[in-house]
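Now for the letters of each chain:
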Amino acid sequence: MPFPESFLEELAARNDIVDVVSGYVHLTRRSGSNQFGLCPFHSEKTPSFSVNPERQIYHCFGCGKGGGVINFIMEIENLSYPDAVQFLARRVGLEVPDDGHDENRGRRARMLELNRDAARFFHQQLVAPAGRAGQEYVARRGIVSMVKPFGLGFAPDAWNALTDAMTAKGYSRRELIDAGLARAGKNGGIYDYFRNRLMFPVIDVRGSVIGFSGRILGDGEPKYLNSPDTLVYSKSRSLFALNLAKKSKSGYILLAEGNIDVVSLHQAGFDSAVASLGTSLTADQTRLLARYTNEIVIAYDSDAAGKKAAQRAITLLQPLDMKVRVLQVPGAKDPDEFIQSNGSQAFRELIERSGNQIEYRLEQAASEYDLTTVEGRGGYLKDAAKLIASLPSSIDRELYGMRAAEKAGVSQGAFEGEVARIRKRNASNAHKQQTRDATAPLKAAQPQSRELRYDNVRSAVAEEGVINLLYRFPERFGDLPLSGGDFSSPALGKLFDALTERLRAGRGISLAVLGEAFSPEELSLLANIIAHDEIPPTAAGDAMSDYIRKIQDEKEKAAGQDDLRGYAERLKQKKGYGGKDG
């Protein structure tokens, strides 16, 4: 059974979309009734993410995502529909009626309970005599005081220590496998996924244990073993220790390479450190960071792999309009080693002196060439000119250009000429792309989702117009001479039928009550359609008549073309048609 519509309407009314979205997106400007900010679902520098408080919808003109407040929480928190409803209900203290989703929601809640109990088991093992190996490792790394704040634990060097403990608590084998805590054996049994490792529970910003990361105690691979993606956990959308770092007053977030680096930094007093989990930094993780800070200090290892990872992180962070600095650790392989040798205050001073990402990239470019040779200076200047040409500020271009020209031993004028040439070429390419986009109205009219692409754009544009007016003026257009079968687009036909069915039954239409019946892509399409209000109320009747006429005309044309194709096919089937005897 679905949620009662009266409950969904009240839920949406209590969770104003501007208030909810503002918890994740900084809405920086207004345009008419819309408020705009940087989209949390894709990287951008110019705000294209809009929130309309009158219609209680959001829509991104860049990536096309859109919908109502429930769908926003589904997307941003990676939740199912019933879990998003639960999330919003808890937010406003609203009791959720029995909805028929208990099984799905129960599986998620059960997995979180299992993870919590597993975290307690691992922690108990670390402080018990059996956890001696883990205790020695923690002591050797100097992070004993961090065991409790991080909930550190130890996975015994045994095949069934955790699985036996959890099955004794009533968890099934299937639940342990689904949570990524156990693997199925060849003989039908199961065995522990984590063995003989220091365990780091991964805790989300709401305080739930969603997964685990286990570090090997000695040499061997993999150094870190992470939970697989599950119903409650996604590596690419999670950050280790963000639940702690989000409380920091430092004003920036330190981005470290591994879990042990993060714990060591917190131990030294740097409570804003986080790390990605078993993967390189992802775009989803950078957008997650942007919710909690506007300044990132990259504190990766100083080896070649660390430098490569820093360059990738800069590339991902740059589009988010964040201040990015890169920490370079002299005389040490990583921040922990530097702190052990020089102390926390020296490291704090190192952070304060750390250069921004432009300076770092220029230094890295210089390190790749022999600047004592003509060829080396030429290669460096080409790389530096490309980087500086991409800077939007003319002041930055001049200042960094002076520095690069001096380093390569050429005149500032010559270097500025090369930067100007690259900028001119980039501007020309951008103009050509804009021209191509402007001359491709059919492409511009298509939905962002490939699954919903229109076969007949002329008809689909009219179909969108019908849905727009029907949603905006339901009292005027509740009984139209159309059905979804008349539409060329199955998705638009489905939306139309859903709206008209509700209106004929005397029921209201809103994204809150429509959410469960449509996919996120379909709701994004609907949000895009209803976000436009070019047709004023006085012209709505004439516009609707025009839209209906276009839909019917296009349907007749399509039927005629089908008749012609059928006639041609019958002719081909006649003996001799098109052959030697034809």
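Our subject is the structure that appears above.
Within any chain, residue numbers begin from 1 and follow the written order of that chain's sequence. Given that the model is predicted, a residue must reach a pLDDT of at least 70 before its local features are reported, and side-chain atom pairs must reach 80 or more before they are shown or counted; all residues, however, enter totals for whole chains, interfaces and linings. Only hydrogens and water are set aside; all other atoms, that is, all heavy atoms of the structure, feed into the side-chain values.

Turning to the pattern of salt bridges, a few remarks are in order. Every case where a carboxyl oxygen of Asp or Glu lies within 4 Å of a side-chain nitrogen of Lys or Arg is listed as a salt bridge. According to the stated counting rule, one finds 26 salt bridges in the structure shown. Of the charged contacts, one joins Arg 14 and Glu 10 as a salt bridge, the two residues approaching to 2.6 Å between their closest N and O atoms. Of this pair, Arg 14 and Glu 10 both sit in helix H1 (residues 5-14), 4 residues apart, roughly one helical turn. By relative accessible area, which is 41% here, Arg 14 ends up partly exposed. Residue Lys 65 is joined to Glu 75 by a salt bridge in which the shortest nitrogen-to-oxygen separation is 3.5 Å. One end of the pair, Lys 65, is in the loop between strand S4 (57-60) and strand S5 (66-67); the other, Glu 75, is in helix H3 (residues 69-77), and 10 residues separate them in sequence. Throughout, exposure labels follow a simple rule: accessible area from a 1.4 Å probe, protein chains only, divided by the maximum for the residue type, with under 20% read as buried, over 50% as exposed, and the rest as partly exposed. For Lys 65, a relative accessible area of 26% corresponds to the partly exposed category. Sharing partners across several salt bridges, the network here consists of Glu 5, Arg 502 and Arg 507. Secondary structure counts use DSSP, requiring at least four H or I residues in a row for a helix and at least two E residues in a row for a strand, with both numbered from the N terminus.

Our focus in this paragraph is the sheet that holds strand S1 (residues 29-31). Between any two strands, at least two bridges found by DSSP are needed for them to pair. Spatially, S1-S2-S3-S4-S5 is the arrangement adopted by the 5 strands of the open sheet, whose pairing is antiparallel. Each edge of the sheet is formed by a strand with only one pairing partner; in this case those strands are S1 and S5. Note: S1 against strand S2 (residues 34-37), 3 bridges, orientation antiparallel. Paired with Arg 29 across the two strands is Phe 36, which belongs to S2.

Looking now at the side chain of Arg 325. Looking at where Arg 325 falls in the secondary structure, it is placed in strand S15 (residues 323-326). In contact with Arg 325, other than residues within four places in its own chain, are Tyr 252, Glu 295, Ile 296, Val 297, Ile 298, Ile 351, Glu 352, Ser 354, Gly 355, Asn 356 and Gln 357. Throughout, a residue-residue contact means that at least one pair of heavy atoms, one from each residue, lies within 4.5 Å.

Before going further, it helps to examine the state of the cysteines. Count a disulfide wherever a pair of cysteine sulfur atoms falls within 2.5 Å. Scanning the entire structure with this criterion turns up 0 disulfides. Just so you know, Cys 39 is unpaired, no disulfide at all, and the nearest cysteine sulfur is the one on Cys 60, 3.6 Å from it. Free cysteine: Cys 63, not disulfide-bonded; nearest cysteine sulfur from Cys 60 at 3.7 Å. On the accessibility criterion, Cys 63 (21% relative accessible area) is partly exposed.

Our next topic: helix H13 (residues 304-317). Every helix has an expected span of 1.5 Å times one less than the residues it contains. Here H13 contains 14 residues, and its C-alpha end-to-end distance of 20 Å stays within 8% of the 20 Å for a straight helix at 1.5 Å per residue. Within the span of H13, buried status applies to Gly 306, Ala 310, Ala 313, Ile 314, Leu 316 and Leu 317. Projection of H13 onto a plane perpendicular to its axis shows the buried side chains occupying an angular sector of 160°, all on one side. For H13, the exposed residues set more than 90 degrees away from the buried face come down to Ala 304, Ala 305, Lys 308 and Thr 315. Buried residues in H13 make contact with helix H12 (283-290), strand S14 (295-299), S15 and helix H16 (357-367). The arc refers to the directions leading from the helix axis to the C-beta atoms.

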